[in-house]
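The residues making up each chain are set out below.
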Amino acid sequence: MSVLIAIPARYASHRYPGKPLVPLKGVSGEGRTLIQRSWEAAIAVDGVDRVVVATDDARIRDEAESFGAEVVMTSEACANGTERCAEAHANLGGGYEIVVNLQGDAPLTPAWFVFDLLKGLQADSQAQIATPVLRCDGRALSALKGDRAEGRVGGTTAVFDSGNRALYFSKEVVPYTATVYASEVETPVFHHVGVYAYRAEALAAYPTWPHGPLEALEGLEQLRFLENGRHVLCVEVEARGRQFWELNNPQDVPRLEAMMAEMGIE
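Let me sum up the structure you'll find in this document.

Scoring rules and cut-offs
Residues numbered from 1 in each chain as written. Predicted model: local features only at pLDDT ≥ 70, side-chain atom pairs only at ≥ 80, totals over all residues. Heavy atoms only, no water. Salt bridge = Lys/Arg side-chain N within 4 Å of Asp/Glu carboxyl O. Buried < 20%, exposed > 50% of the residue type's maximum accessible area, 1.4 Å probe, protein only. Helix = DSSP H or I, 4+ residues; strand = E, 2+ residues; numbered from the N terminus. 1 Å grid on protein atoms, 1.4 Å probe; cavity = no way out; pocket = protein on both sides within 12 Å on 5 of 7 lines; lining within 4 Å. Points joined across faces, edges and corners; volume = space filled by probe spheres on them.

1. A few points about the pattern of salt bridges
No. 1: The final tally for this structure, using the stated rule, is 15 salt bridges.
No. 2: Put simply, Arg 32 and Glu 40 hold a salt bridge, and the shortest N to O gap is 3.2 Å.
No. 3: For Glu 40, a relative accessible area of 25% corresponds to the partly exposed category.
No. 4: Put simply, Asp 252 and Arg 255 hold a salt bridge, and the shortest N to O gap is 3.5 Å. With a gap of 3 residues between them, Asp 252 and Arg 255 both fall in helix α9 (residues 252-263), about one helical turn apart.
No. 5: Overall, the relative accessible area of 24% leaves Arg 255 in the partly exposed class.
No. 6: Salt bridges sharing partners connect three or more residues here, namely Asp 147, Arg 152, Asp 252 and Arg 255.

2. Topic: the layout of surface pockets
No. 1: Approximately 960 Å³ is the volume found for the largest pocket.
No. 2: Taken together, 35 residues make up the lining of the largest pocket; nearest its centre are Arg 10, Arg 15, Gln 103, Gly 219 and Glu 221.
No. 3: Elements that contribute at least two residues to the lining of the largest pocket include exactly β1 (3-9), α3 (81-91) and α7 (213-218).
No. 4: The wall of the second largest pocket is formed by 22 residues, among which Leu 134, Arg 135, Asp 137, Ala 239 and Arg 242 lie closest to the centre.
No. 5: For the lining of the second largest pocket, the secondary-structure elements that each account for two or more residues are β7 (129-137), α5 (138-149), β10 (186-192) and α9.

3. Some details on helix α1 (residues 34-43)
No. 1: With respect to burial, α1 is a largely interior element, 8 of its 10 residues being buried.
No. 2: Among all positions in α1, only Leu 34, Ile 35, Gln 36, Arg 37, Ser 38, Trp 39, Ala 41 and Ala 42 are buried.

Okay, structure coming up:
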């Protein structure tokens, strides 16, 4: 399969304006912007034909080009990262069988998460999109619940059936569990990792589908697939000792930097 990774990045985030240009310090103390760290995560994936940053902002374009990334300019009208990936693919002339959306706020995404998505699409011919889910341990679940208790939107959770078909995604912590889990104990809650692998034809059709009430309420782009009856494959991935978190709020910067220090990421 021919594979394009697109990293959608916009400056005008509602929760965190200018987020792609926020510097994150690794274990060495060197600060590199969020968009650069996301690009470095993307180019670490083997078997990918091309990696581009898709943005509508000249400041992000200039920063991305400064560290050698290829940039595709897209419209300000894109409602979310999936629409931006669809436009970027079209602007490149199409031709890729799979387009991976590695979101520009997920710099800790391990390469094997993306590789596992590609394997999932190969194995399930009915799936139009694949996305990774990571089983929470007690520490991760506590962080998700802590964000909600403080009124912050943190990570997204996913529930799926016995065939790994997505049933729902939410910014609330689902399914509900009253159990208190020790830090290293597995829980029944799955953290949705914000990466998507789309079949090109489904991605091209996505901007034409109606926006449903669940997508509007949750602000989650992948719900448009579910609300329009499309098969979303959840691929359970293994952490392999890696920690994972997205940069959603300013409070996530020290959390991500601490994780990078703990994992020895420069």
